[in-house]
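# Examination of the molecular architecture
Read off the chains here:
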Amino acid sequence: MGLADKIAIIGHNGWVASHIIRALAAHPFHQPLRILAREGSSTAQLPSNVEVVHYAWDDYTALHNALEGVDILISFLGHEVLKEQAKLIQPMQEAGVKLFVPSDLALPYTDEERTNVQVPREKGELEQNLKANGIPFVVVCIGNFTSFALDSPYMGVDLPNNRIVHVGRSRETAIWLCTRDYVAAGFVSIFSQASPSELAGRLIGLNELRPTTLEIEQAMAKQSGRQPQVFDETVENMVREAQQGRLDALVRKKMGDGSHTAVRSMDEIWQFESPKMSLEELIRRSPIDDPLYIAQSDDTLHFLDKYFQ
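So, here's what we can say about the structure. (Residues numbered from 1 in each chain as written. Predicted model: local features only at pLDDT ≥ 70, side-chain atom pairs only at ≥ 80, totals over all residues. Heavy atoms only, no water.)

Below, the discussion takes up the overall build of the chain. If you tally the helices and strands in the chain, you get 14 helices and 13 strands. The C-alpha atoms of the chain give a radius of gyration of 20 Å, which matches the 19 Å a tight globule of 309 residues would have. Dimensions along the principal axes, computed over C-alpha positions, put the chain at roughly 55 × 35 × 35 Å. Taking all 309 residues of the chain together, 56% fall into the buried category. Distance between charge centres in the chain, computed from 29 positive and 41 negative side chains, equals 3 Å. (Helix = DSSP H or I, 4+ residues; strand = E, 2+ residues; numbered from the N terminus. Rg over C-alpha atoms; globule rule 2.2 N^0.38 Å. Buried < 20%, exposed > 50% of the residue type's maximum accessible area, 1.4 Å probe, protein only. Lys, Arg positive; Asp, Glu negative; His and termini not counted. Charge placed at Lys NZ, Arg CZ, Asp CG, Glu CD.)

Dropping the structure here:
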């Protein structure tokens, strides 16, 4: 079992990382959670029972020392620094880290889907690098966060303006969503119940909700008391926009062609006992999470205007 493993986390200040850290720190692991904090980053909001060790990307000795005694290293580094994870490979080897969890918390993608879009491409390149260097790792995917799917317009849902864009077969094909609370509970379950050797080499999914966009539309109508404005987009248009490097278009392409669903794309969905939110509960909440997953701006407020002019 995993209770005796020493867990360290790198990338602690993100929207979901802080949530997961609080959940892990509250669990009775045998050793305190270690936080690898970059020099100059704020640690004021961390739980009082965690260890904090500082590092700098250009200081190999500090990285190595920060990983001494660590069994499992979990990365929550953001999109802008995904490539920096490659700098962890050699210090992980020398420190004897038993399992690495690369930053993911999204969907799995095919090699073809990764070709033109930076974030999934860099994740794929890192996985190949880890394999080439013999680093044991497990990928944890969650589909998309409900706050991304429902509280920002990038997947075609606009709750404040009661508008929704369907793509391809998304009306009848389930999409794969998780709340932040469910993901935090899932991380506690995975790393308290399984050892590094049991997890290495696996693709593990957390799946809380599997609505269709028709079900989202119906929940919006029930909440607002009127039918949402509706637009039908094509998978072909989303493929073309994804080829231009658009991550949001790639996600909506997967919604439209049926590959967004967890069941078809995962080796294993992790089963554990935890409360699950219903779609109707989430639609009623405003915002779904505080702070918002993506801050409001002109881009977010008007992202779908082109469909409804």
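That was the structure; now back to the text.
Turning to the packing of helix 10 (residues 235-242) against helix 11 (residues 247-257), a few remarks are in order. With their axes 8 Å apart at the nearest point, helix 10 and helix 11 run at an angle of 150 degrees to one another. The orientation of helix 10 relative to helix 11 falls into the category roughly antiparallel. The way helix 10 lies across helix 11 gives a crossing that is left-handed. Within the contact between the two elements, helix 10 uses Val235, Met238, Val239, Glu241 and Ala242 and helix 11 uses Ala249, Leu250, Arg252, Lys253, Gly256 and Asp257. (Axes fitted to C-alpha atoms, helices over the stretch in contact; angles between N-to-C directions. Parallel < 35°, antiparallel > 145°, perpendicular 65-115°, else oblique. Left-handed = near helix turned anticlockwise from the far one by under 90°. Contact = heavy atoms within 4.5 Å.)

What follows covers the sheet that holds strand 2 (residues 34-38). Taking strand neighbours across the sheet as the criterion, the 5 strands line up as 3-2-1-4-5 in an open arrangement whose pairing is parallel. Of all the strands in the sheet, just strand 3 (51-55) and strand 5 (99-101) have a single pairing partner and so form its edges. Direction aside, the axes of adjacent strands within the sheet are offset by 20 degrees on average. Inspection of the sheet shows strand 1 (residues 7-10) paired to strand 2 by 3 bridges, in the parallel sense. Pairing of alanine 8 across the sheet is with arginine 34, part of strand 2. (Pairing = 2+ DSSP bridges.)

Following the criterion strictly, the structure yields 3 cavities of 30 Å³ or more and no others. Of the voids in this model, the largest cavity is the one considered here, and its volume is about 50 Å³. Along its surface, the largest cavity is lined by Ile74, Ser75, Phe76, Val101, Pro102, Ser103, Asp104, Leu105, Val140 and Phe187. Here the residues of the lining of the largest cavity sort into 7 nonpolar, 2 polar and 1 charged. (1 Å grid on protein atoms, 1.4 Å probe; cavity = no way out; pocket = protein on both sides within 12 Å on 5 of 7 lines; lining within 4 Å. Points joined across faces, edges and corners; volume = space filled by probe spheres on them. Nonpolar A, V, L, I, M, F, W, Y, C, P; charged D, E, K, R; others polar.)

Across the 5 residues of strand 2, 4 count as buried, placing the element largely inside the fold. Chirality of the crossover, the property in question, places the unit of strand 1, helix 1 (residues 17-25) and strand 2 among those that are right-handed. (Right-handed = clockwise from strand over helix to strand, strands pointing away.)

The sheet built from 3 strands is open, its strands ordered 8-9-12 with mixed pairing. The sheet is open, and its two edges are formed by strand 8 (157-158) and strand 12 (229-233), each paired on a single side. The sheet contact formed by strand 8 and strand 9 (residues 163-167) spans 2 bridges and is antiparallel. When the bridges of strand 9 are listed, valine 157 appears paired with isoleucine 164.

So, about the layout of surface pockets. If you add up the space inside the largest pocket, you get close to 830 Å³. In this structure, the largest pocket is lined by 35 residues; those nearest its centre are Phe76, Leu77, Gly78, His79 and Ser103. Of all the secondary-structure elements, those providing two or more residues to the lining of the largest pocket are strand 2, helix 5 (118-132), strand 7 (144-145) and helix 11. Split into classes, the residues belonging to the lining of the largest pocket amount to 21 nonpolar, 10 polar and 4 charged. Computed from the structure, the second largest pocket encloses a volume of approximately 410 Å³. Leu150, Asp151, Asp158, Leu159 and Pro160 are, among the 24 residues lining the second largest pocket, the residues nearest its centre. Of all the secondary structure elements, the ones that give two or more residues to the lining of the second largest pocket are strand 8, helix 9 (213-224), helix 13 (279-284) and helix 14 (298-302). The element that contributes the greatest number of residues to the lining of the second largest pocket is helix 9, accounting for 3 residues.

Here the focus is helix 10. For helix 10, the complete set of buried residues consists of Val235, Met238, Glu241 and Ala242. Along the axis of helix 10, the buried positions cluster into a sector of 125 degrees, meaning they face one direction only. Of the surrounding elements, those touching the buried residues of helix 10 are strand 9, strand 12 and helix 11. (Arc of directions from axis to C-beta.)

With that out of the way, let us pick up the packing of aromatic side chains. The full count for this structure, using the stated rule, is 11 aromatic pairs. On the numbers, 5.9 Å between centres and 55 degrees between planes, the contact of phenylalanine 148 with tyrosine 293 is tilted. Taken together, the residues span a long stretch of sequence, with phenylalanine 148 in helix 6 (residues 146-150) and tyrosine 293 in the loop between helix 13 and helix 14 at a distance of 145 residues. Judged by relative accessible area, phenylalanine 148 falls into the buried class, the value being 12%. For tyrosine 293, a relative accessible area of 33% puts it in the partly exposed group. The rings of Trp15, Phe145, Phe148, Tyr154, Tyr293 and Phe303 are connected pair by pair, giving a single aromatic cluster. The residue whose ring lies beneath arginine 180 is tryptophan 15, and the NZ or CZ to ring-centre distance is 4.5 Å. (Phe/Tyr/Trp six-rings, centres within 6.5 Å; stacked < 30°, edge-to-face > 60°. Lys NZ or Arg CZ within 6 Å of the ring centre and 35° of its normal.)

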